[in-house]
Amino acid sequence: MFYAAINCSGPQSRRRSFLRGESVSFHRPWLALLIYCSICSCVSAQQLESVFPASAQAGTSTPVVFAGNGLGNLSSARSNSSGLTFRKLEDDSFTVDVAPDTPPGLYDVEAIGSNGVSSARTFSVTRQQHVVEQERSEPQTTQSVPLNCVISGRITKGDVDSYRFTAHQGDRVIIECWADRIDSSLRAMLELFDVDGK
């Protein structure tokens, strides 16, 4: 409705001013825009920009941290899946309990605080083992992970995350990086090396 109001070209209308008695002309779309902006300026929106980790295994409980703009005094969180429930911890932290029968997939998560309900972020539920990235003491530290797992990590500009797994000749291994599918702006590059670094 807001988009249509800005881009449509309605006819001019003339209305008589009750204050001065003269006629004034205006475009209906611009009036709608001014009214819309006036309403929006009175609302302090909660912008949920990240949930970390952004995934959890069905049948487990996982601590998560919310981050964003305008997240004032968060009290609870909710999802469009009844299989995801949140328990408040400290600050902007929660424990997400994922019911064992929750189907794998992507769900919406929202935070609730003193400024109302936040925008939604995508949260993934998996049946595979879930591994959270470990804080590295050294830049070149490599984290060992099993096959058939989901890894939740985060990366900054110029950073490199390294993981090691064991596979044998003839094994079929599929490696995917989910970024845009969970609302991340990351444009990742995956590189695979053998034990000799080739």
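Read on for a plain summary of the structure. Computed from a predicted structure; not experimentally measured. (Residues numbered from 1 in each chain as written. Predicted model: local features only at pLDDT ≥ 70, side-chain atom pairs only at ≥ 80, totals over all residues. Heavy atoms only, no water.)

## Comments concerning the overall build of the protein chain
Helix and strand counts for the protein chain come out as 2 helices and 15 strands. By residue count, 26% of the 198 residues in the protein chain fall in the buried class. Counting contacts in the protein chain only where the partners sit at least 6 residues apart, residues at least 24 apart contribute 49% of the total. Within the structure as shown, the protein chain displays about 14000 Å² of accessible surface, and the carbon and sulfur contribution to it stands at 52%. (Helix = DSSP H or I, 4+ residues; strand = E, 2+ residues; numbered from the N terminus. Buried < 20%, exposed > 50% of the residue type's maximum accessible area, 1.4 Å probe, protein only. Contact = heavy atoms within 4.5 Å. Areas by Shrake-Rupley, 256 points an atom, 1.4 Å probe, with all protein chains shown as cover.)

## Here we look at a nonpolar patch on the surface
A grouping of Leu147, Val173, Ile175, Leu190 and Leu192 is seen on the molecular surface, where their side chains present a nonpolar patch of about 450 Å² in accessible area. Looking at the element boundaries, Ile175 is found in the segment after β15 (163-164). (Patch = residues over 30% accessible without salt bridge, like charges linked within 9 Å, V, L, I, M, F, W, Y side chains within 5 Å. Salt bridge = Lys/Arg side-chain N within 4 Å of Asp/Glu carboxyl O.)

## Topic: the sheet that holds strand β5 (residues 61-69)
Overall, antiparallel pairing links the 4 strands, which are arranged β3-β5-β8-β7 in an open sheet. Both outer strands of the open sheet, β3 (47-52) and β7 (84-88), are each paired with one neighbouring strand and no more. Pairs of neighbouring strands in the sheet enclose a mean axial angle of 35°, with direction left out of account. Alignment of β3 against β5, held across 5 bridges, turns out to be antiparallel. (Pairing = 2+ DSSP bridges. Axes fitted to C-alpha atoms, helices over the stretch in contact; angles between N-to-C directions.)

## Remarks on the side chain of Ser55
Turning to its location among the elements, Ser55 is positioned in strand β4 (residues 55-57). According to the relative accessible area criterion, Ser55 is buried, its value standing at 5%. Apart from residues lying up to four places away in sequence, Ser55 is in contact with Phe123, Ser124, Thr126, His130, Val150 and Ser152.

## Examining the pattern of salt bridges
Evaluation of the coordinates by the stated rule reveals 3 salt bridges. Linking Asp97 and Arg87 is a salt bridge whose minimum nitrogen-to-oxygen distance equals 2.7 Å. Taken together, the residues span a long stretch of sequence, with Asp97 in strand β8 (residues 93-98) and Arg87 in strand β7 at a distance of 10 residues. For Arg87, a relative accessible area of 44% translates into the label partly exposed. Note that Glu176 and Arg181 form a salt bridge whose closest N and O atoms lie 3.6 Å from each other.

## As for unusual backbone geometry
For the peptide bond that leads from Phe52 to Pro53, omega is -5°, which places it in the cis range. The backbone of Asn148 shows a phi angle near 55°, a positive value even though the residue is not glycine. The topology assignment puts Asn148 in the loop between β13 (143-144) and β14 (149-152). The class of Asn148 is exposed, set by a relative accessible area of 62%.

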